[in-house]
Amino acid sequence: MSLSDLSREQLADLQSQQRAAYDELVGKGLKLDLTRGKPSPAQLDLSNALLALPGEETTTDAAGTDVRNYGGTQGLPEIREIFSPLLKVPVEQLVAGDNASLAIMHDTIVYALLKGTIDSERPWGGGPVKFLCPTPGYDRHFALCEQFGIEMIPVDLGPDGPDLEAVTRLVADDADIKGIWIVPTYANPTGAVYSEEVTRTLVTMPTAAPDFRMFWDNAYAVHHLTDEETPAIDVLALAAEAGYPNRVFVFASTSKITFAGSGVSFFGSSRANVDWYLKHLSKRTIGPDKVNHLRHARYLKSPDGVRELMRKHREIISPKFALVESILSERLGDLEAASWTHPHGGYFISLDVMEGTATRVVELAKQAGIVMTGAGSAFPYGRDPQDRNIRIAPTFPAPAEVSAAIDGLATCVLLAATEKLLA
Ligand code: PLP
């Protein structure tokens, strides 16, 4: 029977059961953290061979470039060749950078604000700047906007992309809308996968701003959780076909392929945008960490090498996703006390609890030693208008900890729901 069908008496019974379970939970003195989507130590161990690469004897790449020295702003060709087919970005239009794609996103925004893009009449920072933010979304995208005073306009994100009616209407009308955040594959946190049809609309839609950009953050391009290994969409070709070759900035990294703290990041776009990016980048650095590029190229070897490694990641993390799924269905399914996503890849599950209770659930969990990402964090300005969304990041903790945390979380969801219904 669903929560909404329960009588007040039945609700009161359920509440006392959950209160007892919650008191027991608090008594356990747990210390569990499901906040950030980090790879677990076992996943990091998969790439320990990197620690001994490229080796003392190896100081040059295939072309004879000394990787220890300055230069090579676009990054080592070997590593770009491996990721080009995976990201569907031609090698010559792909830049390999340092350890964080977030830093490239930060820099492209700063360059656009201070210098303008190649299609801008003046720097973005000369007037108001707005970004469309499909929600729920990635909190650090929104934090970048906040940092630079970019106004965020939320649009609903469905399983295969954002509300296109809203997006096309907004961008057609308002020349201050300069960008949209997109995580096309296994979006953080819902697991949404943009369809080719949605993507086509996004790259062809007329925009009032001539310098509108899609920030296509393909952080989870190869992070499949099932046999269905959805390939990346060739968004740059679609944009070029549509007559807007400069519309898309592609970002990615090996943060969740090799080492989160010392991977390789990527930027891809039209040749003209890549030249624009490299021109500004060359003022910022005399070249990226090419030793890291080389050791990654030697370790990963080929696109198939990356695919193989990702299957090993999948073996470690998919049982944790399955645990979350089975505990949530067992504890909350029949009562219809919450709904959640069933991602086919990526790092997160997005949980929607009873409207108006997410903040309370996270607070109850915290008091019981289960730290969840703050309620509302997947929304611009941290404001979830319905106060119902909670992001679950199950990859880092050990399976037993994932179980304990999700079981405890389910207790908090039910307790908060009964509190609300009986208030
Ligand atoms: N983009 C998305 C969608 C993410 O979820 C994350 C990490 O959680 C990042 C980017 C961070 O990437 P990087 O480590 O390359 O900065």
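An unreviewed UniProt entry lists the protein under the name DNA-binding transcriptional MocR family regulator, with Microlunatus panaciterrae given as the organism.

> Explanation requested: the overall build of the protein in the structure shown.
For the protein, the helix and strand inventory stands at 13 helices and 13 strands. What you see for the protein is a C-alpha radius of gyration of 23 Å, in line with the 22 Å of a compact globule of 423 residues. With the principal axes as the frame, the protein shows a C-alpha extent of 75 × 55 × 35 Å. Here the protein holds 423 residues, and 50% of them are scored as buried. Contacts spanning at least 24 positions in sequence make up 77% of the contacts within the protein whose residues lie at least 6 apart.

> Explanation requested: the nonpolar core in the structure shown.
Nonpolar side chains in soluble globular proteins tend to end up buried together. Ranked by internal contacts, the top residues of the largest apolar core, which has 124 residues, are Val250, Val361, Cys412 and Val413. Top contributing element to this core by residue count: helix H13 (residues 399-422), with 11 residues. No fewer than three residues from each of domain 1 (3-43 + 307-422) and domain 2 (61-301) sit in this core. Apart from the residues lying within four places of it in its own chain, the contact partners of valine 250 are Leu87, Val89, Trp216, Asn218, Val235, Leu236, Phe267, Gly268 and Ser269.

> Help me understand the environment of glycine 408 in this model?
Here glycine 408 lies in helix H13. Take glycine 408: there are 24 C-beta atoms within 10 Å of it, and that puts it in the buried class. When the C-alpha positions of glycine 408 and isoleucine 370 are compared, they lie 7.6 Å apart, and in sequence the two are 38 residues distant. The residues touching glycine 408, leaving out its near neighbours within four places in the chain, are Leu25, Leu30, Ala365, Ala368 and Ile370.

> Sorry if this is basic, but what is going on with the domain arrangement of the protein here?
Note on interface size: it is often stated as the accessible area lost on association of the parts. Segmenting the protein into domains produces domain 1 (3-43 + 307-422) and domain 2 (61-301). When each unit is reduced to the centre of its C-alpha atoms, the spacing between domain 1 and domain 2 is 31 Å. Each partner contributes residues to the interface: domain 1 has 24 residues there, and domain 2 has 26 residues. Elements that contribute at least two residues to the side of domain 1 that touches domain 2 include exactly helix H11 (303-333) and strand S13 (389-392). Counting residues per element, the side of domain 1 that touches domain 2 draws most heavily on H11, at 6 residues. Looking at side-chain class alone, the side of domain 1 that touches domain 2 contains 11 nonpolar, 9 polar and 4 charged residues.

> Can you help me understand the environment of arginine 271 in this one?
Of note, arginine 271 is situated in helix H9 (residues 271-284). Considered as a pair, arginine 271 and proline 245 are 26 residues apart in the sequence and their alpha carbons are 9.0 Å apart.

> Sorry if this is basic, but what is going on with the site of the ligand here?
Taken together, Gly37, Ala100, Ser101, Leu102, Tyr138, Val183, Asn188, Asp217, Ala219, Ser253, Ser255 and Ser265 make up all the residues around the ligand. Partitioning the shell around the ligand into residue classes produces 5 nonpolar, 6 polar and 1 charged.

> What is the right way to read the sheet that holds strand S6 (residues 177-182) from this model?
Strands pair in a sheet through their backbones, by hydrogen bonds, and they do so in one of two ways: parallel or antiparallel. On the basis of which strands lie adjacent, the open sheet formed by 8 strands has the order S2-S9-S8-S7-S6-S3-S4-S5 and mixed pairing. Edge positions in the sheet fall to strand S2 (94-96) and strand S5 (161-162), since each of these pairs with one other strand and no more. The sheet contact formed by strand S7 (residues 213-217) and strand S8 (residues 248-253) spans 4 bridges and is parallel. Residue pairing across strands places methionine 214 opposite valine 248, the latter belonging to S8.

> Help me understand the sheet that holds strand S11 (residues 349-353), please; the structure alone is not making it clear to me.
In space, the 3 strands of this open sheet follow the order S10-S11-S13, with antiparallel pairing throughout. Each edge of the open sheet is held by one strand with a lone partner, namely strand S10 (338-340) and S13. Across the sheet, the mean angle separating the axes of adjacent strands is 25 degrees when strand polarity is ignored. Strand direction decides the pairing type here: S10 and S11, joined by 3 bridges, are antiparallel. Across the sheet, alanine 338 pairs through a bridge with valine 353, a residue of S11.

About the cut-offs
Residues numbered from 1 in each chain as written. Predicted model: local features only at pLDDT ≥ 70, side-chain atom pairs only at ≥ 80, totals over all residues. Helix = DSSP H or I, 4+ residues; strand = E, 2+ residues; numbered from the N terminus. Rg over C-alpha atoms; globule rule 2.2 N^0.38 Å. Buried ≥ 20, exposed ≤ 12 C-beta atoms within 10 Å, placed from the backbone. Contact = placed C-beta atoms within 7 Å. Core = buried A, V, L, I, M, F, W, Y, C linked by C-beta atoms within 7 Å. Domains from an automatic or database assignment. Nonpolar A, V, L, I, M, F, W, Y, C, P; charged D, E, K, R; others polar. Near = placed C-beta within 6 Å. Pairing = 2+ DSSP bridges. Axes fitted to C-alpha atoms, helices over the stretch in contact; angles between N-to-C directions.

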